[in-house]
Amino acid sequence: LMSEFQTINPATQELLKTYTYANASEIDAALSKVARAARLSLSIADRRQKLSETAKQLRAQTDKLAQQMALEMGKPIKDGRGEVEKSAGAAEYYAERLEAFLKTQEVRVSDTGQYQIWTQPSGPLFAIMPWNFPIWQIMRVVPAAMGLGNPVVLKHSDSVAGTAQMFADILQSVWGPDLFQNLRINHEQSAMV
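Residues numbered from 1 in each chain as written. Predicted model: local features only at pLDDT ≥ 70, side-chain atom pairs only at ≥ 80, totals over all residues. Heavy atoms only, no water.

Draft legend 1. Structural detail: unusual backbone geometry. The phi dihedral of Gln-13 is positive, around 65°, even though this residue is not glycine. Positionally, Gln-13 belongs in the loop between strand E1 (4-8) and strand E2 (15-20). (Helix = DSSP H or I, 4+ residues; strand = E, 2+ residues; numbered from the N terminus.)

Draft legend 2. Representation of the sheet that holds strand E6 (residues 152-155). An order of E5-E6-E7 is seen for the three strands of this open sheet, with the pairing classed as parallel. The open sheet terminates on both sides in strands that have one partner only, identified here as strand E5 (125-128) and strand E7 (180-182). Neighbour-to-neighbour, the strand axes of this sheet turn through a mean angle of 20°, independent of strand direction. Judged from the three bridges that link them, E6 and E7 form a sheet pairing that is parallel. Of the residues in E7, the one forming a bridge with Val-152 is Phe-180. Along the sheet face, helix H7 (residues 161-175) touches E6 and E7 and points at about 160° away from the line of E7. (Pairing = 2+ DSSP bridges. Axes fitted to C-alpha atoms, helices over the stretch in contact; angles between N-to-C directions. Contact = heavy atoms within 4.5 Å.)

Draft legend 3. Spotlight on the nonpolar core. Membership of the largest hydrophobic core comes to 34 residues, with the highest contact counts inside it found for Leu-58, Ile-138, Val-142, Met-146, Phe-167 and Phe-180. Those residues in contact with Leu-58 that lie beyond four places of it in its chain are Leu-65, Val-84, Ser-87, Ala-88, Ile-135, Met-139, Phe-167 and Ile-170. Within the second largest apolar cluster, seven residues are counted, among which are Ala-22, Ala-30, Val-153 and Leu-183. (Core = buried A, V, L, I, M, F, W, Y, C linked by side-chain atoms within 4.5 Å. Buried < 20%, exposed > 50% of the residue type's maximum accessible area, 1.4 Å probe, protein only.)

Spelled out as structure tokens, the structure:
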């Protein structure tokens, strides 16, 4: 079982960085954090604010994120900037609509029967993501999941480990250290998680 992996610049074949896969205790610690975080109850207003702040922080880091994507995957800087902007827009979309999305719905099923549908968090989500859109793919999950109150554990493609860490740093600076965990794990470890 390999304990390390490397990121390589595909244009130059230059070694960018060597990473170590998480060990069992690091995985357990990350999963314990999200389990604790799942019991938190941030208000809708707090979650909306954090989604808006996520968009703001992504935009503030656009050039750094685009540069990292260019190094790790050869994505043109212009395309990387566009991906970050699209991702920030997703956070804003959910921030603006979160209250409506989470509103209790009244459903009449007959003249005498009326029911309610309400939305509640279901617990931590495990997102295994591909390399090709390293910010956008995870931002397809984060705003809805974390907006609802579900913590997220990310296992990103090894080839974009630096981008994944930059993204995790942004989310943890906004949401706190527990609600989002970036695990550097291999396929066997992913299956166990």
